Amino acid sequence: MRRSAWPNGASERSSRPGPSSCRVFPLGTLSFVEPITTNARAVHEAPRRGQGPDYLSVREYRAGDPMRHVHWALTARHGRLMVREFEEERTRRLVVVVDTERDEGDAWTPLDRCCSVAASVLDAATAHGQGARLIAARPGLGIDVLPRADRSEMFRWLAKLEPSGVPLEELLAGLGPEDLRGIQTLVIAFPIWGRGERPRLQGDVRRLVRLVPRVVCVLAEPGAGEAGRVAEALSAAGADVRRWGPAGDLAEAMSRREVRA
């Protein structure tokens, strides 16, 4: 059993034997997490209908409803037009994608480090009033999305992540405009393996940069000097790249942006 230590308690996730931990680090002010000038909470007890990014319910079509909101599968099942309703957009939105393709070791593993990036960024975002969601591949579930959740639920979700065998490139290729509606910042946390060569990833990131105002790639490096080429490629694709070395401080790493040469 692997244990993941979070603020105000501990969560557990099953994997191979050996103790390990995912940690939440205070990150301070991040350039891509902008404070919201509003009294509205990032997570609302009573969501309101509107034009935000998160689904609220499904109902019958009414005159004037946009056809792009039609839920075609339910329409076919019920024999009448059914449309999605969305939650009102009241805060900026951030989504974090965690690479769960593989892992190694049984203490403070690459997947633990990526979960720590996600938890720390989400902690900073929600503290500044930003709404947040999580996306990762999970064994037996495929691509899993956690929308509109409080901090405790997000931390528990991260603590349960396990290696999925689904390549990050496949996950990113499946994200389209509808999945990213209302998202201002997309953060991708992934480890660097071997020489760090991932040619397809550059194309995936370049496509996402056209869909989202800001794409941030956080590279968890298991060894020194292994992420240079992939960092340069992702920066050239338009991403904001941060590199977290094996002995580095996450807050310091997140404050340094790799600039394209």
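Residues numbered from 1 in each chain as written. Predicted model: local features only at pLDDT ≥ 70, side-chain atom pairs only at ≥ 80, totals over all residues. Heavy atoms only, no water.

Trainee: Would you take a moment to explain the pairing of strand 8 (residues 185–191) for this structure?
Mentor: Every other side chain in a regular strand lies on the same face of the sheet, so the side chains alternate between the two faces. Among the seven residues in strand 8, seven count as buried, and that is most of the element. Bridge analysis of strand 8 against strand 9 (residues 214–220) gives seven bridges, and the strand direction is parallel. Looking across to strand 9, one finds that Pro191 is bridged to Ala220. (Buried < 20%, exposed > 50% of the residue type's maximum accessible area, 1.4 Å probe, protein only. Helix = DSSP H or I, 4+ residues; strand = E, 2+ residues; numbered from the N terminus. Pairing = 2+ DSSP bridges.)

Trainee: I'm lost on the pattern of salt bridges in this one. Help?
Mentor: Side chains that carry opposite charge are capable of pairing whenever their charged atoms lie near each other. As enumerated under the stated definition, the model contains nine salt bridges in all. Among the salt bridges present, the one from Glu252 reaches Arg256, with a minimum N-O distance of 3.2 Å. Residue classification places Arg256 among the partly exposed residues on the basis of a relative accessible area of 42%. (Salt bridge = Lys/Arg side-chain N within 4 Å of Asp/Glu carboxyl O.)

Trainee: For this particular structure, what's the right way to read the packing of helix 2 (residues 110–127) against helix 3 (residues 151–159)?
Mentor: How two helices sit against one another is set out by the angle between their axes and by the gap between those axes. Helix 3 packs onto helix 2 with a crossing angle of 170° between their chain directions and a minimal axis gap of 10 Å. As far as their axial angle goes, helix 3 and helix 2 are roughly antiparallel. Residues Cys115, Ala118, Ala119, Leu122, Asp123 and Thr126 of helix 2 lie in contact with helix 3, whose contacting residues are Arg151, Met154, Phe155 and Leu158. Along the lines of polarity and charge, the residues of the contact of helix 2 with helix 3 split into seven nonpolar, one polar and two charged. (Axes fitted to C-alpha atoms, helices over the stretch in contact; angles between N-to-C directions. Parallel < 35°, antiparallel > 145°, perpendicular 65-115°, else oblique. Contact = heavy atoms within 4.5 Å. Nonpolar A, V, L, I, M, F, W, Y, C, P; charged D, E, K, R; others polar.)

Trainee: So what exactly am I meant to see when it comes to unusual backbone geometry here?
Mentor: Glycine aside, residues mostly have negative phi angles, and peptide bonds mostly take the trans form. The backbone phi angle of Trp108 is positive, close to 55°, even though this residue is not glycine. Note that Trp108 resides in the loop between strand 5 (93–98) and helix 2.

Trainee: Just to check I follow, could you spell out the packing of aromatic side chains for this structure?
Mentor: Given two aromatic rings, their pairing is described by the distance between the two centres and the angle made by the two planes. What the rule picks out here adds up to three aromatic pairs. Their ring planes at 70° and their centres at 6.1 Å tell us that Trp108 and Trp244 sit as a pair that is edge-to-face. Residue Trp108 is located in the loop between strand 5 and helix 2, and its partner Trp244 is located in strand 10 (residues 240–244); the two are separated by 136 residues in the primary sequence. Accessibility expressed as a relative area gives 2% for Trp244, which makes it buried. An aromatic cluster of three or more residues is present, and its members are Phe25, Trp108 and Trp244. One cation-aromatic arrangement involves Arg23 over Trp108; the distance from NZ or CZ to the ring centre is 4.1 Å. (Phe/Tyr/Trp six-rings, centres within 6.5 Å; stacked < 30°, edge-to-face > 60°. Lys NZ or Arg CZ within 6 Å of the ring centre and 35° of its normal.)

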